[in-house]
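Structural overview for review
If you want the building blocks of each chain, they are given just below.
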Amino acid sequence: MNTNELWQAVLGELELSLSKANFTTWFKNTFISDLEEHAITIGVPNMFTKAWLEKKYTKEILRSLQELTKNSIKQLSYRVQSRPTNPQGMPLFEKGTNPEPSPSPSNQQASYYQPQQTHEVKEIRTGEFSLNGKYCFETFIVGKQNELAHAAAQAVCAQPGGIYNPLFIYGGVGLGKTHILQAIGNELIRKNANTKILYVTCERFTNDFIGALRSNRIVEFKNRYRTVDVLLVDDIQFITGKEGTQEEFFHTFNQLYQNNKQIVISSDRPPKTIPALEDRLVSRFECGMLADVGSPDFETRCAILDTKCLEKQYSLERDILHHIATVVQTNVRELEGALNKVIAFHQFKNTRPTLESVKPILSSFQPTSTKKNITPKQLIITVANYFDIHMDDLLGKSRQKRLAFPRQIVMYIMREEMKASYPSIGMELGGRDHTTAMHAYDKIMTCLLEDEKLQHDIELIKQKLYAL
Ligand code: ADP
Ligand code: MG
């Protein structure tokens, strides 16, 4: 185990508890700069990050480090220092290869390495934006839950701009949407290095557009986006409510589409259910291929763990692998996080994992429903956000369907997940009668039997709830 791997393991844990934006903002370009027997120094890119990490995250980082090092680290400090270039051009937090032994004299660090100094970065450049080479089809495990999305993605690669245009992939967090989008990009580049591929998150598109407007560079912006062969847009749901960006995206979309250029979009939900998305965009998104990705079943989870072990060149006994796949059921990202944790822990202790040693490490990965104590207020806020309605309206008297239905969903989840009594559900929902809560629960139960969209909505709400 080297410092890179230790830091990867810490980041892996932090990533699970933070929003993506927060995680990227504060942990981008951080690394272990120095490690002595009980003290560790984290290299950070600037003073601002240093101050922020000191104030907000020291406790969490230290806890995680201690867990991974059997409490040997007692002290944590930060130093402003630029991160040595990543040797493989892997993304931000990848571990380096070919490390050099640490110059530290202490025995304890005999197996630690300093991060690699400089090296040429081998990134696949696609204009200004880069694809991550590790997200390819070879490393993507196909199961029932994603076979449609996978097949469609392959069809897109066989014939970009063909019948699956646009391809719209949707599903909950950590289920492989970004992986598929990037795999398409990587595959097409591999087939033809001259293909102009642009991978952007919706956030990036929005910021680019706003930046272009501000600096009077709208022509350049249009040129950049409208002249590509393949446009991959990740997490389009964030376009909700941004009218100017929607308008611009609509025109970008049309231009590319008319020229038979391929467009692939991902979202956490189907087009129709993205709040405040213009109808004309909904209908554009729906005119191609819609494919969902769901949670992997047990067998697929085992297969994914197998591949990840292979990638990491680490072997695990069957029973341990099965245990991980049983305990972590939510999504692939968490599955990977759990595996990293197990590996890091044992590499550090220099022991082989056994079922007994693995169980306590994974105790925090409980099945979703018992994972956390969710409060009614958190649930109400999550549902209100999901449907893009105001909390007061959700709790209010109006019986409009757009409010009444989400309200019934809240009642259903409160009963199902939180085991709340009907009278208390009524109380939480703005002082309603317990019979209202009973009725709501029955109604949603009945609808769930055949309404797949509702099943999907509730699944996503739960995921968001437990990701809080
Ligand atoms: P999303 O974009 O849907 O939130 P990601 O594509 O970022 O999810 O996936 C999260 C992690 O799980 C990534 O490291 C990805 O490589 C991995 N992953 C997801 N699905 C699969 C799969 N079917 N096979 C292998 N790895 C997967
Ligand atoms: Mg993603």
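Everything quoted here is computed from the prediction, not taken from an experiment. (Residues numbered from 1 in each chain as written. Chains lettered and ligands numbered in written order. Predicted model: local features only at pLDDT ≥ 70, side-chain atom pairs only at ≥ 80, totals over all residues. Heavy atoms only, no water.)

**Brief notes about the pattern of salt bridges**
Enumeration over the complete set of coordinates arrives at 20 salt bridges. A salt bridge links R352 to E317; the nearest nitrogen and oxygen atoms lie 3.7 Å apart. On the criterion of sequence distance, the pair formed by R352 in the loop between α13 (332-349) and α14 (355-361) and E317 in the loop between α11 (298-312) and α12 (318-327) is long-range, its members being 35 residues apart. A residue is classified by how much of its surface remains accessible, and R352, at 41% relative accessible area, is partly exposed. Taking the relative accessible area as the measure of exposure, E317 reaches 41% and is therefore partly exposed. K462 is the salt-bridge partner of E417, the closest N and O atoms lying 3.3 Å from each other. Of this pair, E417 sits in helix α18 (residues 401-418) while K462 sits in helix α21 (residues 452-466), and the two are 45 residues apart along the sequence. Residues participating in the shared-partner salt-bridge network are E13, E67 and K341. (Salt bridge = Lys/Arg side-chain N within 4 Å of Asp/Glu carboxyl O. Helix = DSSP H or I, 4+ residues; strand = E, 2+ residues; numbered from the N terminus. Buried < 20%, exposed > 50% of the residue type's maximum accessible area, 1.4 Å probe, protein only.)

**Some details on the pairing of strand β10 (residues 230-234)**
Where burial is concerned, most of β10 is hidden: 5 out of the 5 residues are buried. Residue alternation in β10 divides its side chains into two sets, V230, L232 and D234 and L231 and V233, and both sets are buried. Here 5 bridges tie strand β9 (residues 197-201) to β10, and the two strands are oriented parallel to one another. Bridging from a neighbouring strand, L198 pairs with L231 of β10. (Pairing = 2+ DSSP bridges.)

**Concerning the sheet that holds strand β2 (residues 39-44)**
Sheet strands associate in pairs through backbone hydrogen bonding, adopting either a parallel or an antiparallel arrangement. Sheet architecture is open: 3 strands sit in the order β1-β2-β3, paired in mixed fashion. The outermost strands of the open sheet, each flanked by one partner alone, are β1 (31-35) and β3 (75-80). Averaged over all adjacent pairs, the angle separating strand axes in this sheet is 30°, with direction ignored. In the packing of helix α1 (residues 3-17) onto the sheet, the strands contacted are β1 and β2, and the crossing angle to β1 comes to about 125°. (Axes fitted to C-alpha atoms, helices over the stretch in contact; angles between N-to-C directions. Contact = heavy atoms within 4.5 Å.)

**A word on the UniProt feature "binding site: ATP" (unreviewed entry) in the chain**
When the UniProt feature table is mapped to this numbering, "binding site: ATP" (unreviewed entry) covers G174, G176, K177 and T178. Tracing the chain through its elements places G174 in the loop between β8 (167-170) and α6 (177-191). Its relative accessible area of 11% is what places G174 among the buried residues. Beyond its immediate sequence surroundings of up to four residues, G174 is in contact with N331, V332 and R333. In this structure, T178 sits in helix α6. Beyond its immediate chain neighbours, meaning those up to four positions away, T178 contacts Y199 and D234. (UniProt positions renumbered as here; feature names shortened; annotations may be inferred.)

**As for the site of ligand 1**
For ligand 1, the set of nearby residues contains 18 residues, the closest of which are G174, K177, T178, H179 and E336. Here an oxygen atom of ligand 1 sits 3.2 Å away from a polar atom, N or O, in the main chain of L175. Isolated, ligand 1 exposes 550 Å² of accessible area, and the fraction of that covered by the protein chains is 95%. Among the secondary structure elements, those contributing two or more residues to the shell around ligand 1 are α6, α11 and α13. When its residues are assigned to classes, the shell around ligand 1 shows 7 nonpolar, 7 polar and 4 charged. Two domains each donate at least three residues to the shell around ligand 1, and these are domain 2 (137-293) and domain 3 (298-362). (Near = heavy atom within 4 Å. Polar contact = N/O pair within 3.5 Å; in protein donor to acceptor, adjacent residues only side chain to side chain. Areas by Shrake-Rupley, 256 points an atom, 1.4 Å probe, with all protein chains shown as cover. Nonpolar A, V, L, I, M, F, W, Y, C, P; charged D, E, K, R; others polar. Domains from an automatic or database assignment.)

**Some thoughts on the nonpolar core**
Ranked by size, the top nonpolar core spans 31 residues in total, and within it I409, V410, I413, I425, I444 and I458 carry the most contacts. Contributing elements (two or more residues each) for this core: α16 (376-387), α18, α19 (422-428), α20 (434-450) and α21. Among the elements that make up this core, the one with the highest residue count is α18 (8 residues). For I444, the contacting residues outside a window of four places in its chain are F405, Q408, I409, Y412, L454 and I458. (Core = buried A, V, L, I, M, F, W, Y, C linked by side-chain atoms within 4.5 Å.)

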